[in-house]
Amino acid sequence: MSDSRTHTVEKIGGTSMSRSRDLLDSLFLNGGKDPYGRVFVVSAYGGITNLLLEHKKSGEPGVYALFSNAENDHGWSDALNRVADAMRQAHREVLDHNADIQEADDFVRDRLEGARSCLIDLQRLCSYGHFRLSEHMGLIRELLSGLGESHSAQVTTLLLRRHGVDARCVDLSGWRDDAEVSLDERIDRGFADIDLSSELPIVTGYAQCAEGLMNRYDRGYSEVTFANIAARTGASEAIIHKEFHLSSADPKLVGMDNVRKLGRTNYDVADQLSNMGMEAIHPSAAKTLRQAGIPLRVTNAFEPEDPGTLIDECPAETPAVEIVTGLDVFALQVYEPDMVGVKGYDATILESLTRHGLRIVAKTSNANTITHYVDASMKSVRRVERDLAQAYASADITTRSLAVVSAIGRDISGLGALSRGLEALAAEGIEPVAVAQGPRNVDIQFVLPREVTDLAIRALHSALVEDAGTAPAARKDEKPAAAQPQLAA
């Protein structure tokens, strides 16, 4: 690949991909300007990955989930037929030339029938006692994941070529490739002979590699691929095109007139957003970009004239709360009077949380009580409860459905944000279950009953973002927010 050091690497999500026709002139064709000097990393069309694996939110089984629990091939095979129908429908909404539609149809047929043959052969092989289907399911998940991105990359390439752009489909999915290579090697091979000054690469968000992207990152794999391409090719900037701006709160909660586009923030804030389940970018992808010194821009794909929000390493010029967001959690509390002065309790709790895959959002503790606020299902929380009940027979272990509402900013020192936030909640009759502010002054976490989450977000956003101009100026002799006490649950 020619090394221009001026190109950008840009990612488009599945929902936006489904509206590719709307983005053709403004984004892909660059509004009539030079379309080259860019790399597009594409996700599968909206809903396709859910059909291939399982629905991300509802858990409704797709091909993968049905195959993993199949007593016969009817369920998963029928699901694969539904994927084919959905893919054909998706590219018919993007392409309008019969030759392109036919080529896309052929592509879908080749890939999905190839995948069907693979699954049938594996099912037959595992009917023999020496082979276990469970040992191959990780690879099957990888294979199925790549089908959606390969399809969207191929279709986008056809669309752009029809409109006079020298687009090249860079399929990193490893289809029928028997070589086992690292992610870096896969990217290097894909870009080996590309001239970015005269070609527009359309790259699959999934990359087959020895590390196993699905195993390590699950549904966040496309952003990891995107970040590694940016780092590996020396991009000047990484850009994620979404259907909305990165804003100070959900406009549906606080109102379009009250919400503010961030405009500028840093990777520290992006990490806090990831912790709250509101990912501007996958934390592993952010780490890759940060280490490579590449800034990230998050834009609204349908407002091409707006520069969006730039995320880099720069600190804030002035302290401010930039965003307020909430997340439903379970509070797993372990109370043990004999805990005082004894080591090992927390290590045992953490081991169980890790083993059952519970993600810790926040934590409070005192002399005899440890509480973890976790983003998990009730089923997995109950498993941890059983483990801890066996380990600490005399402990009082309780679980409670709560929410964490967080006020986040690059620097929130000197604003009196904690006291102002508590006053705003009190004015709405909301009493927090717990509050925590760390010494780094990047976030405050209010733990609240779930039923008041939306009300709390509106109140905190009004007090800390909308009314920020009325915040008391920090005095020179004012103690930093780090000196404020942490209130345990």
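Look up a bit, the structure's there.
Residues numbered from 1 in each chain as written. Predicted model: local features only at pLDDT ≥ 70, side-chain atom pairs only at ≥ 80, totals over all residues. Heavy atoms only, no water.

Colleague: Teacher, can you tell me more about the overall build of the protein chain here?
Modeller: Across its full length, the protein chain carries 17 helices and 14 strands. Referenced to the eigenvectors of the C-alpha coordinate spread, the extents of the protein chain come out at roughly 70 × 60 × 35 Å. Burial statistics for the protein chain: of 489 residues in total, 51% are counted as buried. Intrachain contacts of the protein chain at a sequence separation of at least 6 include 76% that bridge at least 24 residues. Taking the average place of the 51 positive charges on the side chains of the protein chain and the average place of its 71 negative ones, the gap between the two points comes to 1 Å. (Helix = DSSP H or I, 4+ residues; strand = E, 2+ residues; numbered from the N terminus. Buried < 20%, exposed > 50% of the residue type's maximum accessible area, 1.4 Å probe, protein only. Contact = heavy atoms within 4.5 Å. Lys, Arg positive; Asp, Glu negative; His and termini not counted. Charge placed at Lys NZ, Arg CZ, Asp CG, Glu CD.)

Colleague: I'm lost on the sheet that holds strand E10 (residues 359-365) in this one. Help?
Modeller: Strand pairing in a sheet relies on backbone hydrogen bonds, with the paired strands running either antiparallel or parallel. Strand order in the open sheet made by the six strands is E10-E11-E9-E12-E14-E13, with antiparallel pairing throughout. Of all strands in the sheet, those bounded by a partner on one side alone are E10 and strand E13 (434-437). For this sheet, the mean angle separating the axes of adjacent strands, direction not counted, is 30°. Sheet topology places strand E12 (residues 396-408) next to strand E14 (residues 443-449); seven bridges connect them, and they run antiparallel. Bridge pairing in E14 places Ala403 opposite Leu448. Sheet contacts for helix H12 (residues 267-275): strand E9 (323-335), E10, E12 and E14; angle to E10, the most-contacted strand, approximately 95°. (Pairing = 2+ DSSP bridges. Axes fitted to C-alpha atoms, helices over the stretch in contact; angles between N-to-C directions.)

Colleague: Explain the layout of surface pockets to me, please; I cannot follow it from the model alone.
Modeller: Taking a probe equal in size to a water molecule and rolling it over the atoms shows the remaining empty space. There is about 650 Å³ of room inside the second largest pocket. Lining the second largest pocket are 30 residues; nearest its centre among them are Leu139, Ile140, Glu142, Leu143 and Gln208. When residues of the lining of the second largest pocket are traced back to their parent elements, those giving at least two are helix H6 (98-125), helix H7 (137-162) and helix H9 (213-217). With ten residues, H7 is the single largest residue contributor to the lining of the second largest pocket. Residue composition of the lining of the second largest pocket, grouped by class: 13 nonpolar, ten polar and seven charged. (1 Å grid on protein atoms, 1.4 Å probe; cavity = no way out; pocket = protein on both sides within 12 Å on 5 of 7 lines; lining within 4 Å. Points joined across faces, edges and corners; volume = space filled by probe spheres on them. Nonpolar A, V, L, I, M, F, W, Y, C, P; charged D, E, K, R; others polar.)

Colleague: I tried to follow the environment of Val465 on my own but got confused; where do I start?
Modeller: Looking at the element boundaries, Val465 is found in helix H17 (residues 453-466). Val465 sits in the buried class, given a relative accessible area of 3%. Residues Val465 and Phe330, 135 residues apart in the sequence, show an inter-C-alpha distance of 27 Å. Setting aside residues up to four positions removed in sequence, Val465 forms contacts with Ser248, Arg260, Val321, Val324 and Leu460.

Colleague: Quick question: what am I supposed to make of the side chain of Asp443 here?
Modeller: Assignment of secondary structure puts Asp443 in strand E14. Buried and unpaired, Asp443 has Arg440 as its nearest opposite-charge partner, separated by 6.8 Å. The contacts of Asp443, once residues within four sequence positions are left out, are Gln272, Ser406, Ala407, Ile408, Ile412, Ala436, Gln437 and Gly438. (Salt bridge = Lys/Arg side-chain N within 4 Å of Asp/Glu carboxyl O.)

Colleague: Any chance you could explain a nonpolar patch on the surface here in plain terms?
Modeller: A contiguous nonpolar patch, built from Leu125, Tyr128 and Phe131 and spanning about 290 Å² of accessible area, is present on the exposed surface. Following the sequence through the fold, Tyr128 ends up in the loop between H6 and H7. Here Tyr128 falls in the exposed class, since its relative accessible area comes to 54%. (Patch = residues over 30% accessible without salt bridge, like charges linked within 9 Å, V, L, I, M, F, W, Y side chains within 5 Å. Areas by Shrake-Rupley, 256 points an atom, 1.4 Å probe, with all protein chains shown as cover.)

Colleague: Would you mind going over unusual backbone geometry with me for this structure?
Modeller: Both trends apply: most residues other than glycine have a negative phi, and most peptide bonds are in trans. In this structure, Asn30 is a non-glycine residue whose phi angle is positive, near 60°. Structurally, Asn30 can be placed in the loop between helix H2 (20-28) and strand E2 (38-42). A positive phi angle is found at Asp218, which is not glycine, with a value near 50°. Mapping Asp218 onto the fold places it in the loop between H9 and helix H10 (221-233). When its relative accessible area of 33% is taken as the criterion, Asp218 is described as partly exposed.

Colleague: Help me understand the packing of helix H8 (residues 183-190) against H10, please; the structure alone is not making it clear to me.
Modeller: To describe two helices that pack against each other, one gives the angle between their axes and the distance between the axes. Between H8 and H10, the shortest axis-to-axis distance is 10 Å and the interhelical angle comes to 65°. Taken together, the axes of H8 and H10 are roughly perpendicular relative to one another. When the axes of H8 and H10 are compared, the crossing they make is right-handed. Contacts between H8 and H10 involve Leu183, Asp184, Ile187 and Asp188 from the former and Asn228, Ile229 and Arg232 from the latter. A per-class count over the contact of H8 with H10 returns three nonpolar, one polar and three charged. (Parallel < 35°, antiparallel > 145°, perpendicular 65-115°, else oblique. Left-handed = near helix turned anticlockwise from the far one by under 90°.)

Colleague: Even after reading the chapter, I still don't get helix H15 (residues 378-391), so can you show me in this structure?
Modeller: For the α-helix, the turn length of 3.6 residues means that residues three or four positions removed from each other point alike. For H15, with 14 residues, the first-to-last C-alpha span of 20 Å sits near the 20 Å given by 1.5 Å per residue. On its buried face, H15 sits against E9, helix H14 (345-355), strand E11 (369-375) and E12. (Expected span 1.5 Å × (residues − 1).)

Colleague: How should I be thinking about the pairing of strand E8 (residues 309-312) in this particular structure?
Modeller: Remember that side chains alternate between the two faces of the sheet whenever the strand is regular. Along E8, one buried face is formed by Thr309 and Ile311 and the opposite face, lined by Leu310 and Asp312, is buried too. Inspection of the sheet shows strand E6 (residues 264-266) paired to E8 by three bridges, in the parallel sense. Bridging from a neighbouring strand, Asn266 pairs with Asp312 of E8. Direction of pairing for strand E7 (residues 296-300) relative to E8: antiparallel, over a ladder of three bridges. Following the sheet pairing, Val298 is matched in E8 by Thr309.

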